[in-house]
Amino acid sequence: MSFEPKNPVVKWVEDRLPITGMLHHALYEYPTPKNLSYWWTFGSLAGVMLVVQIVTGIVLAMHYTPHVDMAFTSVEHIMRDVNYGWLLRYMHANGASMFFIVVYLHIFRGMYYGSYKAPRELLWWLGLVIFLLMMATAFMGYVLPWGQMSFWGATVITNLFGAIPVVGDSIVTWLWGGFAVDNPTLNRFFSLHYLLPFVIVGIVILHIWALHTNGSNNPTGVELKDKQDSIPFHPYYTVKDLYGLAIFLIFFSAFLFYAPNYMGHPDNYIPANPLVTPAHIVPEWYFLPFYAILRAVPDKLGGVLLMFGAIAVLFALPWLDKSRIRSARFRPIYKQLFWVFVLDCILLTYIGGKPAEGAYIIWGRIATVYYFVHILILLPLVGLFEKPKPLPASISEDVLSKKPASEEAANA
Amino acid sequence: MTTTTPEEENGVKRRDFLYIAAGGLGAVGTAAAIWPFISQMNPSADVLALSTTEVDLEGIETGSEVTVVWQGKPVFVRHRTEEDIERAEDVDLADLPDPQPDADRVIKPEWLIMVGICTHLGCVPLKGQGDYGGWFCPCHGSHYDTSGRIRKGPAPLNLVIPPYEFLDDNNIKIG
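Note that this is a predicted model, so its numbers are computed, not measured.

Quick notes on the rules
- Position labels on residues start from 1 in each chain and follow its written sequence.
- Lettering for chains starts from A, numbering for ligands starts from 1, and both go in the order in which the items are written.
- Only residues with pLDDT of at least 70 get local features here, since the model is predicted, and only at 80 or more are side-chain atom pairs given and counted; chain-wide, interface and lining totals rely on the full set of residues.
- Only hydrogens and water are set aside; all other atoms, that is, all heavy atoms of the structure, feed into the side-chain values.
- Only DSSP runs of H or I covering at least 4 residues are called helices, and only runs of E covering at least 2 are called strands; the numbering of each starts at the N terminus.
- For the radius of gyration, the atom set is restricted to C-alpha positions; the globular benchmark scales as 2.2 Å times the number of residues to the power 0.38.
- Each residue is assigned to one of three classes by its accessible area relative to the maximum for its type, calculated with a 1.4 Å probe on protein chains only: buried under 20%, partly exposed between the two thresholds, exposed over 50%.
- Whether two residues are in contact is decided by their heavy atoms, any of which lying within 4.5 Å being enough.
- A 1.4 Å probe and the Shrake-Rupley method give the accessible areas. Residues count as covered only by the protein chains that appear here.
- Strand pairing is defined by DSSP finding a minimum of two bridges between the two strands.
- Each patch is built from residues lacking any salt bridge and having more than 30% relative accessible area; the joining distance is 9 Å for like charges and 5 Å for nonpolar side chains (Val, Leu, Ile, Met, Phe, Trp, Tyr).
- Should a side-chain nitrogen of Lys or Arg be within 4 Å of a carboxyl oxygen of Asp or Glu, the pair is scored as a salt bridge.
- A positive count includes Lys and Arg, and a negative count includes Asp and Glu. His and the chain ends are not counted in either.
- Just so you know, the charge point we use is NZ for Lys, CZ for Arg, CG for Asp and CD for Glu.
- Note: buried area is the sum, over both parts, of the accessible area (probe 1.4 Å) each one loses when the two are combined.
- Any pair of nitrogen or oxygen atoms within 3.5 Å is treated as a polar contact; in protein, a donor-acceptor pairing is required on top of that, and neighbouring residues in sequence qualify only through side-chain atoms on both sides.
- Disulfide: a pair of cysteine sulfur atoms within 2.5 Å of each other.

**Section: the overall build of chain B**
Regarding its fold elements, chain B presents four helices and 10 strands. Tracing chain B from N to C terminus, the helices and strands come up as α-α-α-β-β-β-α-β-β-β-β-β-β-β. For chain B, whose C-alpha radius of gyration is 27 Å, the value lies well above the compact-globule estimate of 16 Å for 175 residues. Considering only C-alpha atoms, chain B reaches an extent of 85 × 35 × 25 Å along its principal axes. Going through the 175 residues of chain B one by one, you find that 38% of them count as buried. Looking at chain B alone, contacts between residues at least 24 apart form 51% of all its contacts between residues at least 6 apart. With the model as given, the accessible surface of chain B reaches about 9700 Å², and the carbon-plus-sulfur share is 55%.

Here it is, written out as structure tokens:
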């Protein structure tokens, strides 16, 4: 299956820099489990969204001015005056939400099918690093329009670092470049917002490299045993991913053209005012679960630690999950716990968007405790006590044991 | 670093010294080269230059409050009523999360001057709201009393008193 170019120019290049062969191996002949479901499409969708964000971001930067006196107006200039500016900005703003939607589904997919287990721990870690970089990038991007939510979001989030004992205040001043969020802050956020996506590209390449080293996981969680278990990436999964992309783009377009501000916040159409905090400030929806955890603790440092801890524990998942069975399909108890965990995350998202008062506080605390109980206590215990269902001997056996219709499709 | 066995017998000390000296100097040089890139993010000279603000107190009526900007931050200048002052002084310090007598927070009791930034995560508290007649932070629900001390909610500390002095009876300089 080695790559032998027929075109003399490609061959000349290949003998000196085997890049075509590398791409051919990664995107064409890459042996992929033949039973991947559409849950495996979200990785490539995330890749597409990264490209969409970079392309729209580069052109938006051609019209945007990173200065406190002009940032807000320049964004309105993009919306009203620049050719297709409204489209490009709405693509970028909604694109960020779409990027998080597919990445969250991608992460939950990994948790359901145990994709983080040996030998894919580094693959999982690289994914979490991408997630962290995405959050930093999205946060700084949201500051750039310099509306009320931009300004106060920036203030609250940078103040989180003030919770660090002793050096907290110095770090916050250093982050701001002043004694409050101001022009120096906006400038550096713009610079870093432009930089980080390219860092993400680098980590994505490592992520794919690590993926291709041990191959994709699949719905059975059983490794590839022989040639019968795999099919080449092209045309089978290129086509499947393209179909998934088409459906996803319809979803994206529905927001983009019919509800472009649905996931935004009206207060961000008010220019930033350092002297007045909006009555109800909330972060973008994709930060809400972590915001809920932050607010669940009635102590500044404790809340900040728990919020960062919520992501830190995910790095330990490959070692906390004691079960050697990957896929939840064969883990009757874990399967149920997984869905409870998903509901818990949805509850945290809901609570994060509500004011911190009354019953919301109680529910926020219950959901926060459950988040950590699931990962730190239930996951290790279930792995020890659960009796898994029998695993299929191979992917082929699993596929062929299904009903005739799917058998035909698999043999086609 | 592992050293190979043949070199270990003669010249190992000399070689070790060279490794450590070269590595050490390299580390110091690298740190020195990185420093400007870290330091540039700290407040620049023009930001530091805006370090004082003068306020004319005349015209701020009893019971009212103005907000001035000092170092880019809101500063509340509150002309407290007799009742405000009484409420602030009449508090058992043991009840406070961050115990501080009212007298330590003012130069003249009728003038309360403090940085209007919630010590939780930096929002601007609203005056005349909350359970203690002082300020209330809408972001995460911290209540401050008429002396700007934290009474309830997630904020750990009292509202900060900036350094200020009375230039004369009606003028103060903050910073």
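**Here's the deal with the pairing of strand E1 (residues 53–56) of chain B**
Residues and elements named next belong to chain B. Side chains Thr53 and Val55 of E1 all project onto a buried face; the interleaved residues Glu54 and Asp56 project onto a face where none is buried. Bridge count for E1 against strand E10 (residues 171–174) is four bridges, and the pairing is antiparallel. Looking at the pairing, Thr53 lines up with Ile174 of E10.

**Focus on a negative patch on the surface**
There is a patch of like negative charges on the surface, built from Glu82, Glu83, Glu86, Glu89, Asp90 and Glu110 of chain B. With respect to the element layout, Glu83 of chain B can be found in helix H4 (residues 82–89).

**Regarding unusual backbone geometry**
Residue and element names in this part refer to chain A. Looking along the chain, the bond that leaves Ala118 and enters Pro119 is cis, with omega of 5°. Here Pro119 shows up in the loop between helix H5 (85–112) and helix H6 (121–143). Following His234, the chain continues into Pro235 via a peptide bond in cis, with omega recorded as 5°. Along the polypeptide, Pro235 turns up in helix H10 (residues 233–258). Even without being a glycine, Tyr84 presents a positive backbone phi close to 60°. When you line up the elements, Tyr84 lands in the loop between helix H4 (71–80) and H5. In this structure, Trp146 takes a positive phi of about 60° despite not being glycine. Mapped onto the fold, Trp146 is located in the loop between H6 and helix H7 (148–160).

**Remarks on the interface of chain B and chain A**
At the junction of the two partners, chain B supplies 25 residues and chain A supplies 24 residues. Of the roughly 2200 Å² buried at the junction of chain B and chain A (both faces included), carbon and sulfur atoms supply 67%. A per-residue breakdown of the area chain B buries against chain A is headed by Met41, Leu121 and His140 of chain B, which together make up 29% of the total. The interface formed by chain B and chain A contains zero salt bridges. Taken together, chain B and chain A are joined by seven residue pairs in polar contact (both at pLDDT 80 or more). Contributing elements (two or more residues each) for the side of chain B that touches chain A: helix H3 (45–49), strand E2 (65–70) and strand E3 (73–79) of chain B.

**Some points on the sheet that holds strand E6 (residues 133–137) of chain B**
All names here are of chain B. Taken in spatial order, the four strands of this open sheet run E5-E6-E7-E8, and their pairing is antiparallel. Two strands bound the open sheet, and with one partner strand each, they are strand E5 (126–127) and strand E8 (150–152). Sheet topology note: the E6/strand E7 (residues 142–145) ladder contains four bridges and is antiparallel. The residue bridging Phe136 from the neighbouring strand is His143, located in E7.

**Focus on the state of the cysteines**
Residues and elements named next belong to chain B. As enumerated under the stated definition, the model contains one disulfide over all chains in all. A sulfur-sulfur separation of 2.1 Å characterises the disulfide bridge that pairs Cys123 with Cys139. Between Cys123 and Cys139 the disulfide shows an S-S torsion of about -100°. By sign, it is left-handed. One end of the pair, Cys123, is in the loop between strand E4 (111–115) and E5; the other, Cys139, is in the loop between E6 and E7, and 16 residues separate them in sequence. Take Cys139: its relative accessible area is 4%, and that puts it in the buried class. There is no disulfide at Cys118, and the cysteine sulfur nearest it, in Cys137, is 3.8 Å away.

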